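# Coordinate inspection notes
Spelled out, the chains give:
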Amino acid sequence: QVQLVESGGGLVQAGGSLRLSCAASGSIFGFNAMTWYRQAPGKQRELVALITSGGSINYADSVKGRFTISFDNAKITVYLQMNSLKPEDTAVYYCNADLYTDLVMTQPYDFWGQGTQVTVSS
């Protein structure tokens, strides 16, 4: 079984910082992409940041310059450093991983973390 465990969420004042972590465990032989999504009440799920195995990184326009995604290959952990947080960043943040679960890596599979709440007060 593959699991993604998220941590680092919490309550922070506007202008503050948080770092989210998403650690993958199980039978994992590689990754295609790791992604952070978020979903605020009454809104659809939004892609926040993406990193691929080839090193390509993309951010939503709303977080560019404030958020940084990174990946630790040894730990199979993706991070989201969030600085200059705004109340609009309040949401449940979800980690998504496109992972290879067999040695020959013929096909990646999609996995989701449980979500972690980020609340930014004004």
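All of the points below concern the structure found in this document. Please read all numbers here as calculations on a predicted model, not as lab measurements.

Reading guide: rules and limits
Residues numbered from 1 in each chain as written. Predicted model: local features only at pLDDT ≥ 70, side-chain atom pairs only at ≥ 80, totals over all residues. Heavy atoms only, no water. Disulfide = S-S within 2.5 Å. Helix = DSSP H or I, 4+ residues; strand = E, 2+ residues; numbered from the N terminus. Buried < 20%, exposed > 50% of the residue type's maximum accessible area, 1.4 Å probe, protein only. Contact = heavy atoms within 4.5 Å.

Turning to the state of the cysteines, a few remarks are in order. Applying the stated rule across the entire model yields one disulfide. Covalent S-S linkage joins Cys22 and Cys95, the inter-sulfur distance amounting to 2.2 Å. Its torsion about the S-S bond being -85 degrees, the disulfide of Cys22 and Cys95 is classed as left-handed. Placement of the pair is Cys22 in strand E3 (residues 18-25) and Cys95 in strand E9 (residues 91-100), with a sequence separation of 73 residues. The burial state of Cys22 is the same as that of Cys95; both residues are buried.

What follows concerns the environment of Ala60. If you trace the backbone, Ala60 turns up in the loop between strand E6 (57-59) and strand E7 (67-72). Sequence separation between Ala60 and Ala23 is 37 residues, and the spatial gap between their C-alpha atoms is 22 Å. Contacts of Ala60, omitting those with residues within four sequence positions, involve Glu46, Leu47 and Val48.

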